[in-house]
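Here is what each chain is made of, one letter per residue.
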There are 2 protein chains.
Amino acid sequence: MRFEVTILGCGSATPASKRNPSAQIVNHSERFFLIDCGEGTQMQIRKCGIRFQKINHIFISHLHGDHYLGLVGLISTLHLLGRKNDLHLYCHNDLKQIIDIQLKASDTQLNFEIIYHFLSYQKSTLIYEDNQLMVKTIVLDHRIPCCGFLFEEKPRLPSLKKTLVEYYQLQPWQILDIKYGKEIILDDGQKINPAKLIEKKHDIRKYAYCSDTRYNENIISIIKGCNLLYHEATFTEELKSRAITTFHSTAKDAAEIASKAEVKKLLLGHFSARYNSTEGHYVEAKTIFESTEIAVELKSYEV
Amino acid sequence: MRFEVTILGCGSATPASKRNPSAQIVNHSERFFLIDCGEGTQMQIRKCGIRFQKINHIFISHLHGDHYLGLVGLISTLHLLGRKNDLHLYCHNDLKQIIDIQLKASDTQLNFEIIYHFLSYQKSTLIYEDNQLMVKTIVLDHRIPCCGFLFEEKPRLPSLKKTLVEYYQLQPWQILDIKYGKEIILDDGQKINPAKLIEKKHDIRKYAYCSDTRYNENIISIIKGCNLLYHEATFTEELKSRAITTFHSTAKDAAEIASKAEVKKLLLGHFSARYNSTEGHYVEAKTIFESTEIAVELKSYEV
């Protein structure tokens, strides 16, 4: 079952010629979740070939422009393309007024509903759930209320060996029993040990998105052991003091969080426009946390 | 004296992979005026190498998103880059609230002033004037209040033949007299006929920006004889009825306006995303008005 993240933008506040502001798509089993929506996100979505109308849930971390200024344009495009389905928006409650006032100014009556889910910034909260996936907030330490998002799979039943399922001509209810680990008895009295039919048990996979934030150990317990951590690294250590005053992290900060949270892989992003090359970020983080990668726009990363 | 327009975006409402929403820079004698500011405009400004802080006047035609959604991002960037100078904004009065609410949500106190000049949409009005240039509105026929902009030079004194100015060792006040067509008498009693010193008389140049609008003959008298007309051509004639219901023009409409207004050159833009090629627009317009060109992004056009 596919679970991957596609980076649409990994730049920070001021635009760099080669980097877009924050946005990314989480694809879990061909359901597409948009995290943040900086200016130009709809162009980036188009470039990576994702169909606009497949996006039903949008998560906005906070109301700095580089994380949401592409949203009204995207909503307008969804409308012009004839969307009818509800769009779920997980965001600060000020965003509703920002959207409403702009729809009114352009005399636009949307053909679909925006269902708002306003975030609380006090503690980690479950904000989305279906039968495969949960999304929880991660409270971050930024200049204005801000939270990241943890995408966590629900436990999945194991896969069975197809050839044996066919050999025994198992019925759906028998298959389910076996997946749940129950021994079954066939019509001829033969007993089937479930362990022999199990092809693969599935680990629970987790993806954590943490941007924007100062170095913040409070998030470690929530992101513990996740498969992939996207953590902001706006600066490198020579600008540590600037990172603190602007409520951002250095590459070293990100790596230390990754190390302490024992994540499997760290993906660095949200780079300041002052850095043409992110080689410095890479070296700085990799010294502390081996499994580090630099986010590249339009590239997908398996969770 | 330079007078040119650089197209930053010539697409319309929904994004096309290869076209940006409306924005362009008018450069008059190294003063830079921004017209419209669709999403992604700041990235386009950066691409064409114009310094952000050189822009002091921004003209917004109307409040459909594809004409202004890049503005808050641009203002934020100007702030982050340390701007101190006033920024003049010519726009619908609803735009102030749209900007204010977003600055408040991001807890941003700008280090510079935005001076608002609210537009009236009843009749053509002078909205900007300096010693070289005037800007007047052009009332357009669109679904919401909308106006284009006419950039018109003030009469300029002629240039003189440098070699003769040096030969006669003319003083500044004598040069000015000659430029105004007055005969002067040198210390030795010699009379100088101003006509003999004039190198070149300057025509008054005009640039008209007309997007978005239905076919509208009311604008002809205002844009009469202008050197360059940028006119929207969202559709071609096979979608004429759609052009009418959505308050847009076809390429033929634009060409007829250009022809009746006897402009020197027509530049077509604001193409619907449905057109991968604008060859159809070109052929349709050129049949009616010979001096037609298709707008190309990041290309500059002399007025």
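### Considerations on helix α2 (residues 71-80) of chain B
Residue and element names in this part refer to chain B. With eight of 10 residues buried, α2 lies mostly within the body of the structure. Considered for burial, the residues of α2 that qualify are Leu71, Val72, Gly73, Leu74, Ile75, Thr77, Leu78 and His79. Phi turns positive one or two residues past the end of α2, at Gly82, with a value near 90°.

### What about the side chain of Glu153 of chain A?
Residues and elements named next belong to chain A. Tracing the chain through its elements places Glu153 in strand β9 (residues 147-153). Side-chain polar atoms of Glu153 contact the side chain of Arg205, separated by 2.7 Å. Beyond its immediate chain neighbours, meaning those up to four positions away, Glu153 contacts Met1, Phe3, His28, Gln132, Leu133, Asp203, Ile204 and Arg205.

### Side note on the interface of chain A and chain B
The partner chain B presents 36 residues to the 36 residues of chain A that form the contact. Between chain A and chain B, roughly 2900 Å² of surface is buried when both sides are summed, and carbon and sulfur atoms account for 61% of that area. In this assembly, chain A and chain B are joined by two salt bridges. Between Asp107 of chain A and Arg143 of chain B there is a salt bridge, and its shortest N-O distance comes to 3.4 Å. Here chain A and chain B share 12 residue pairs in polar contact (both at pLDDT 80 or more) between them. Broken down by element, the side of chain A that touches chain B gets its largest block of residues, six residues, from helix α3 (residues 94-105) of chain A. Residue classes in the side of chain A that touches chain B are distributed as 15 nonpolar, 15 polar and six charged.

### Remarks on the relation of the copies chain A and chain B
One chain copy maps onto the other through a rotation about an axis and a shift parallel to that axis. Rotating chain A by 180° about the axis while translating it 0.0 Å along that axis superimposes it on chain B, leaving an RMSD of 0.1 Å. In the structure described here, the two chain copies are related by an operation that fits a two-fold rotation axis. Taking C-alpha positions as the reference, the residue of chain A nearest the rotation axis is Gly40 of chain A, at 2.8 Å. Both copies share a contact surface, since 100% of the interface residues of chain A are interface residues in chain B too.

The rules behind these values
- Residues numbered from 1 in each chain as written.
- Chains lettered and ligands numbered in written order.
- Predicted model: local features only at pLDDT ≥ 70, side-chain atom pairs only at ≥ 80, totals over all residues.
- Heavy atoms only, no water.
- Buried < 20%, exposed > 50% of the residue type's maximum accessible area, 1.4 Å probe, protein only.
- Helix = DSSP H or I, 4+ residues; strand = E, 2+ residues; numbered from the N terminus.
- Polar contact = N/O pair within 3.5 Å; in protein donor to acceptor, adjacent residues only side chain to side chain.
- Contact = heavy atoms within 4.5 Å.
- Buried area = accessible area lost by both parts, 1.4 Å probe.
- Salt bridge = Lys/Arg side-chain N within 4 Å of Asp/Glu carboxyl O.
- Nonpolar A, V, L, I, M, F, W, Y, C, P; charged D, E, K, R; others polar.
- Least-squares fit on C-alpha atoms with pLDDT ≥ 70 in both.

Everything listed here is a matter of geometry and, on its own, says nothing about what the molecule does.
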